[in-house]
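# Geometric and topological summary
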Amino acid sequence: MLTPHVSTTTSLPPFGAVWVRWFNSISSLDHHEWDSLVEDSNFFNSYRWLQSLEYFSRPRSVLTVFGPGGLLAGCPIWEGQPDDPLFSPSHWFTGLPGPWEKKFLWVGAYRSTHNELICGHGARHQEALALLLHELQNKANHDGLAGVLLPYMPLKRALYISSYHPDAQVLLHDAEASQHISPGGLDDTISSWKKHYRTRTRAEINAFHNQGNQIEWSPITPALEEILVNLVAMNRSKHGATTGESWMRKVFMSQHQSKAIDHSIVALSRNKGKINAATIFYRFGNSLHARYFGSDYTEEKDDFRYFVLSYYAPLRYAPKYGLKTSHLSVSALDAKAKRGGCIEPLATVAIFRKEKLADDLVKKHNFAVVDSHQNRFRKHLTPEWFDDGII
């Protein structure tokens, strides 16, 4: 059972003021009040998802700022996982001198590769944002940490956030892919691509169907859940994970407890009545978020099931439900770019305990990241990569 919150507030604040409150669990906050400030692109910091992470792992502290009208801003924090390259500053910032081997205060959902602070857009919310950042810095200083890291933030959001703290610096470190969903669906979207990509996509879709596969969409039912556990475990095992089916069962159990499972929708491949592959998505606002893929690898078929279920099927499904964007996360960017993915920059907002990093070294680092992505993905990059303001 999750423990009750602990608040730093000991008396009522002055009328009209904004004030900080710490909680030791997202469950201590109001579901609707929190999600009213969550952007559609930020599902993995939404209330139900954060709650599912607490059930899966353990409760983690949440920093909030309140005003007379209620919640103004907030963020979960966690301890980081530097032994994993996905969450290792020394891996991200090779060549940029900094205290990367030391411990930081990590801001955002546990192991999330997309983070945005929970905050509205009015003048009072801007005041709350500045207070939130200063409180994070105070927390890091109090705990003897090297500083604060707000990683995997969309670049536009990172630049905006950093403007509310004098010591904040924006460091590019990764990129994510997303697909714009045309109201005209899959065929309309493909028709806007270059001939080479149109030809490749149609060949992959044809190969998928020629092998006898059919696409279905389904919520996660009890009967389907055990099939998904098996398929996802096989995929994770293929890529080196050792946690097996028990890990995925715990994921589903946690999502049932938090009701995050209610946001799920699954693209299935069925062949001769048997489900042989699946991609699990989550719907939030007008966005679709791909999270887990599973496949039966006892079948040796080159039928492009991963590409079809994860990249093409959503383009046909999503317009029927008013969805605007399919978010595809940070991995396999080359494959995603070649199949309609737009590559968007991700940055860390860093606030160090001691002195800031040298501005010229930060610019050099950011330029190197931009240059690398421009050379690799030039025709697939979002406009932010070409903004002189980031370097």
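Residues numbered from 1 in each chain as written. Predicted model: local features only at pLDDT ≥ 70, side-chain atom pairs only at ≥ 80, totals over all residues. Heavy atoms only, no water.

An unreviewed UniProt entry lists the protein under the name GNAT family N-acetyltransferase, with Vreelandella alkaliphila as the source organism.

### Description of the packing of aromatic side chains
This model, assessed by the stated rule, comprises 32 aromatic pairs. Centre to centre, the rings of F43 and W49 are 5.4 Å apart; their planes meet at 55°, and the pair counts as tilted. With a centroid separation of 6.5 Å and 75° between ring planes, the pair formed by Y282 and Y292 is classed as edge-to-face. In this pair, Y282 is assigned in strand β10 (residues 274–284) and Y292 in strand β11 (residues 287–295), connecting sequence segments 10 residues apart. Among the residues examined, Y282 registers a relative accessible area of 0% and is labelled buried. What makes Y292 buried here is its relative accessible area of 11%. Chaining the aromatic ring pairs together yields one cluster made of W78, F87, W92, F93, W100, F104, W106, Y110, Y152 and F352. Here the guanidinium or amino end of R236 rests over the ring plane of W247, the centre of that ring lying 3.7 Å away. Positioned above the aromatic ring of F56, the side-chain terminus of K250 is 5.0 Å from the ring centre. (Phe/Tyr/Trp six-rings, centres within 6.5 Å; stacked < 30°, edge-to-face > 60°. Helix = DSSP H or I, 4+ residues; strand = E, 2+ residues; numbered from the N terminus. Buried < 20%, exposed > 50% of the residue type's maximum accessible area, 1.4 Å probe, protein only. Lys NZ or Arg CZ within 6 Å of the ring centre and 35° of its normal.)

### As for the packing of helix α2 (residues 47–56) against helix α9 (residues 244–258)
Where α2 meets α9, the closest approach of the two axes is 8 Å, and the angle between their N-to-C directions is 130°. In terms of orientation, α2 and α9 fall into the oblique class. Where α2 crosses over α9, the handedness of that crossing is right-handed. Listed contacts from α9 to R48, W49, Q51, S52, Y55 and F56 of α2 are W247, K250, V251, S254, Q255, Q257 and S258. Within the contact of α2 with α9, the residues separate by chemical class into 5 nonpolar, 6 polar and 2 charged. (Axes fitted to C-alpha atoms, helices over the stretch in contact; angles between N-to-C directions. Parallel < 35°, antiparallel > 145°, perpendicular 65-115°, else oblique. Left-handed = near helix turned anticlockwise from the far one by under 90°. Contact = heavy atoms within 4.5 Å. Nonpolar A, V, L, I, M, F, W, Y, C, P; charged D, E, K, R; others polar.)

### Here's the deal with the nonpolar core
Grouped together as the largest cluster of nonpolar side chains are 67 residues, with contacts concentrated most on V107, L117, L136, V148, L150, Y312 and I343. Residue contributions to this core peak at 7 residues, all from helix α10 (residues 305–317). Apart from the residues within four sequence positions on either side, Y312 is in contact with L186, W193, T201, E204, I205, F307 and R339. W34, L37, L53 and L224 belong to the second largest nonpolar core, which has 37 residues in total. (Core = buried A, V, L, I, M, F, W, Y, C linked by side-chain atoms within 4.5 Å.)

### Structural notes on the confidence of the model for the protein
Fine structural detail should not be taken from predicted coordinates in areas where pLDDT scores are low. Scored by pLDDT, the protein comes out at a mean of 93, with 95% of its residues at no less than 70. Low pLDDT, under 50, characterises residues 1–12; the predicted model gives this stretch 25 contacts beyond four residues in sequence or across chains. (pLDDT = per-residue confidence, 0-100.)

### Details of the pairing of strand β7 (residues 169–180)
A large share of β7 lies buried, amounting to 11 of its 12 residues. In terms of strand pairing, β7 meets strand β13 (residues 342–352) through 9 bridges, oriented antiparallel. Directly across from A175, in β13, lies its bridge partner P345. (Pairing = 2+ DSSP bridges.)

### A few points about the environment of E245
Looking at the secondary structure, you find E245 in helix α9. For E245 and R60, which are 185 residues apart along the polypeptide, the C-alpha to C-alpha distance reads 25 Å. For E245, the contacting residues outside a window of four places in its chain are E226, V229, N230 and A233.

### Re helix α12 (residues 359–377)
An ideal rise of 1.5 Å per residue puts 27 Å on 19 residues; α12 measures up with 27 Å between its terminal C-alpha atoms. Residues of α12 that are buried include every one of V362, H365, N366, V369, V370, H373, Q374 and F377, and no others. Within α12, the buried residues cover an arc of 165° as seen down the axis, which keeps them to one side. What points out from α12, more than 90 degrees from its buried face, is the exposed set D360, K364 and N375. Buried residues along α12 sit in contact with α3 (89–92), β7, α11 (333–337) and β13. (Expected span 1.5 Å × (residues − 1). Arc of directions from axis to C-beta.)

### Considerations on helix α8 (residues 222–238)
The end-to-end C-alpha distance of α8 is 25 Å, a good match for the 24 Å that 17 residues give at a rise of 1.5 Å each. Of all the residues in α8, the buried ones are L224, E225, L228, V229, L231, V232, A233 and N235. Residues of α8 that are buried sit in contact with β8 (213–218), α9, β9 (264–271), β10 and β11. G240 occupies a position one or two residues after α8 and carries a positive phi of about 100°.

### Focus on the environment of G340
With respect to the helices and strands, G340 occurs in the loop between α11 and β13. Placed 147 residues apart in sequence, G340 and W193 show a C-alpha to C-alpha distance of 7.5 Å. Not counting the four nearest positions on each side in its chain, G340 is found in contact with S178, Q179 and W193.

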